[in-house]
Amino acid sequence: MKLTTHTYKLLGLIVMMSLVGCQKDYLDRPSEDQVEAPYFFNTAKDLEVATNDFYTFLPSESWYTDDGNSDNMIPLTVADRIKGNRTVPVGSGSGGWSWSQLRKINYFLANYHKVPDETAQKKYSGIARFFRAYFYYDKVKAFGDVPWYGKVLTAKDEDLFKARDSRQQVMDSVMADLDYAIQNIPAEKQLNLITRYTALLLKARVALFEGTFRKYHNIAGYENFLNVAAAASSELMNSGAYTLYTQGGAEQAYRGLFARDNQDQVETILAIDFELGMRVHGLGYSFTSATSGSYGIAKDMINSYLMKDGSRFTDKADYKTMAYYQEMQNRDPRLTQTTAGPDFRVNGENANEPVNLTITTTGYRLIKALPDKLQWGVSASYFDVILFRYAEALLINAEAKAELGTLGQNDIDLTINKLRTRAGMPALSLTEANANPDPYLQAMYPNVSGGAFRGIILEIRRERRIELFNEGQRWDDLMRWKAGLKLNQPIVGVYFPGTGAYDFTGDGKADVYVHTGNSSGAPSTVTSLININQRTLWDPVTNTQNASKGSLDPFYQRGKFDEKRDYYAPIPIEDLQLNPNLKQNPEWEKLYK
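Residues numbered from 1 in each chain as written. Predicted model: local features only at pLDDT ≥ 70, side-chain atom pairs only at ≥ 80, totals over all residues. Heavy atoms only, no water.

Colleague: Just give me the short version of helix H4 (residues 44-52), but keep the residues and values in it.
Modeller: Owing to its 3.6 residues per turn, the α-helix brings residues three or four apart onto one side. Burial runs high along H4: 7 of the 9 residues are buried. Those residues of H4 that sit buried are Asp46, Leu47, Glu48, Val49, Ala50, Thr51 and Asn52. (Buried < 20%, exposed > 50% of the residue type's maximum accessible area, 1.4 Å probe, protein only. Helix = DSSP H or I, 4+ residues; strand = E, 2+ residues; numbered from the N terminus.)

Shown next as structure tokens:
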């Protein structure tokens, strides 16, 4: 069964009130508008139908644009969390402080045992606990300490008004749910359904987040979570169930993995299925529209890609001011499979695509997961969206061991170097990385700890940023590494040494013309005009804005990340009023005093 089949009438009747902050009439709603357990939880099919609804809790196509809310990309409309404009929500259950999903899960877990089929009991209760772990993982990422509810609450339950439980208690409970899921969900490969392998990868993901968050935010107990992350990812790797997708070779495999219409079970562990005429989305449009997404990849992301021989691009003396065509030469092949390079050709087309800088804020156009042109219309895309893939397990394994100080060259060969081999890149050496840490990355992540392992931690972060670009994890990475201040650095784009015509494709013909309001001098071959009175420049040499030369500067206001406040989200005002035992996250209360 695919993720598209969630529309069961009975499921709509299971929906019940939020756990905290709901009005009493909802808590006391009569039973006739609910599905009573004796009339529903009777067969294995009932359990399947009930858990199918939980798949709607997963992210959808937004997974492929969430990096637009981080330092990786700047969209046309910059997110409030980057601008520092988040406010304390007012309404109960708003701003992410909603518990209705948990109510559904706990209701299921209170009743699934009524079905006499023990095999079905184990499988579907395991899936339910997977989703409860996923739910609480999101809550802890957003709010830190939260109340743990492992049961369905009634109107008179005192726990409705309890304080937050400790982060340790909640995360231990999340790990227990994932252990249960791993033990009880079958070890089968199902592209669009939760399996034991999905639970293993989620366990590794959660444990890595929690371990590194604790380490860099000075919370005790990080070692245990990092060991769990290493063990869970190793178990998935040792299962032999998945490998890396390599079809098309180094110059095509990475791009091909995401751009194809239908995923397979080679590397992809869980994907959302889309089909023409059944379920579609609008990613193709947002990737190519000048008025919708207009996503632009950040220059420091572009700078992070190594040269094809494994040397560092940022070791070049002129890397800050290098022209577009030159900077794209002889780089990690994943660079021009992520952004449009000089020879960019859309899937299914026989000719190179004209340079188009009107659909990208930074000049570095997003092409990762870009489909064929038939899918560029509004709500016309139907390619699958990957939520979990095997490559992440390799990255988790390497990072967890590096942060613990137990990483060896053999571990790198089984993880990072597998990814580099797929990309046609030279192997990473533990000894060389630790002996010569990259100063560009050190400046990017100044608080990296690890002593003798600092160099390899930085290289793993490079690999993770490149490999998982625009797969919904960059914000979480910055938060767990306590690197939020990086959001306040310039997020800029392509460099222009002044006004005039520029050849982006290397064919000797101008593609881009930069001017100050008068474009009459543009050659006839130009396909993109840049008016620097409207699209301002930032000079990376003098660190000045509105310069006559420099990088496109689409977000000249800069980020305003508050170290004391913004690692956590605020709790809604009404929920604080309804439950006096809840306390606001640090610094947020000042906005309303």
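Moving on, there is more to tell.
Colleague: Describe the packing of aromatic side chains, and please don't skip the residues or the numbers.
Modeller: Here the distance between the centres and the angle between the planes together describe a pair of aromatic rings. If you walk through the whole model with that rule in mind, you get 34 aromatic pairs. Summarising the aromatic geometry, the rings of Phe40 and Phe41 are spaced 5.1 Å apart at their centres and angled 85° between planes, so their arrangement reads as edge-to-face. Like Phe40, the residue Phe41 is buried in the burial classification. When the centroid spacing of 5.3 Å and the interplanar angle of 70° are considered together, the rings of Tyr55 and Phe131 count as edge-to-face. In this pair, Tyr55 sits in the loop between H4 and strand S1 (73-74) while Phe131 sits in helix H7 (residues 118-143), placing the two residues 76 residues apart along the sequence. Residue Tyr55 shares its accessibility class with Phe131, and that shared class is buried. Connected via pairs of aromatic rings, a cluster forms that spans Phe40, Phe41, Phe54, Tyr55, Phe57, Tyr107, Phe108, Tyr112, Phe130, Phe131 and Tyr134. Of note, Arg81 hangs over the ring of Trp475, and the distance from its end group to the ring centre comes to 3.9 Å. We note Arg167 situated over the ring of Phe213; from NZ or CZ to the ring centre the distance is 4.3 Å. (Phe/Tyr/Trp six-rings, centres within 6.5 Å; stacked < 30°, edge-to-face > 60°. Lys NZ or Arg CZ within 6 Å of the ring centre and 35° of its normal.)

Colleague: Let's hear about the sheet that holds strand S5 (residues 495-496): which residues, and what values?
Modeller: Taken in spatial order, the 4 strands of this open sheet run S5-S11-S9-S10, and their pairing is antiparallel. At either margin of the open sheet sits one strand with a lone partner, and together these are S5 and strand S10 (544-545). Bridging between strand S9 (residues 537-539) and S10 involves 2 bridges; their strand directions are antiparallel. Residue pairing across strands places Asp539 opposite Thr544, the latter belonging to S10. (Pairing = 2+ DSSP bridges.)

Colleague: How would you explain helix H8 (residues 167-184) if you had to name every residue and give the values?
Modeller: An ideal rise of 1.5 Å per residue puts 26 Å on 18 residues; H8 measures up with 26 Å between its terminal C-alpha atoms. Turning to H8, its buried residues are Arg167, Val170, Met171, Ser173, Val174, Met175, Asp177, Leu178, Tyr180, Ala181, Ile182 and Asn184. Looking at the buried positions of H8, the neighbouring elements they touch are H7, helix H9 (196-216) and helix H10 (222-239). (Expected span 1.5 Å × (residues − 1). Contact = heavy atoms within 4.5 Å.)

Colleague: Help me get a handle on the sheet that holds strand S8 (residues 528-531), residues and values and all.
Modeller: Read across the open sheet, the 3 strands follow the order S6-S7-S8; overall the sheet is mixed. With partners counted over all chains shown, the strands left at the sheet margins are strand S6 (500-502) and S8, one partner each. Shown here is a sheet whose adjacent strand axes are inclined to one another by a mean of 20°, direction ignored. Where S6 lies against strand S7 (residues 512-515), 3 bridges are found, and the strand directions are antiparallel. Directly across from Ala501, in S7, lies its bridge partner Tyr513. (Axes fitted to C-alpha atoms, helices over the stretch in contact; angles between N-to-C directions.)

Colleague: Lay out the packing of H7 against H8 in plain terms, naming residues and giving numbers.
Modeller: Where H7 meets H8, the closest approach of the two axes is 8 Å, and the angle between their N-to-C directions is 150°. The angle between H7 and H8 falls in the class roughly antiparallel. Between H7 and H8 the crossing geometry is left-handed. Together, Lys122, Lys123, Ser125, Gly126, Arg129, Phe130, Arg132, Ala133, Tyr136, Tyr137 and Val140 of H7 and Arg167, Val170, Met171, Val174, Ala176, Asp177, Leu178, Tyr180, Ala181 and Asn184 of H8 make up the contact between the two elements. Tallied by class, the residues present in the contact of H7 with H8 amount to 12 nonpolar, 3 polar and 6 charged. (Parallel < 35°, antiparallel > 145°, perpendicular 65-115°, else oblique. Left-handed = near helix turned anticlockwise from the far one by under 90°. Nonpolar A, V, L, I, M, F, W, Y, C, P; charged D, E, K, R; others polar.)

Colleague: Residue-level account of the pairing of strand S4 (residues 385-389), with values.
Modeller: Taken across its 5 residues, S4 has 5 buried, putting it largely inside the fold. Two elements, strand S2 (residues 268-272) and S4, share 4 bridges in a ladder whose sense is antiparallel. Bridge pairing links Thr268 to Arg389 in S4.

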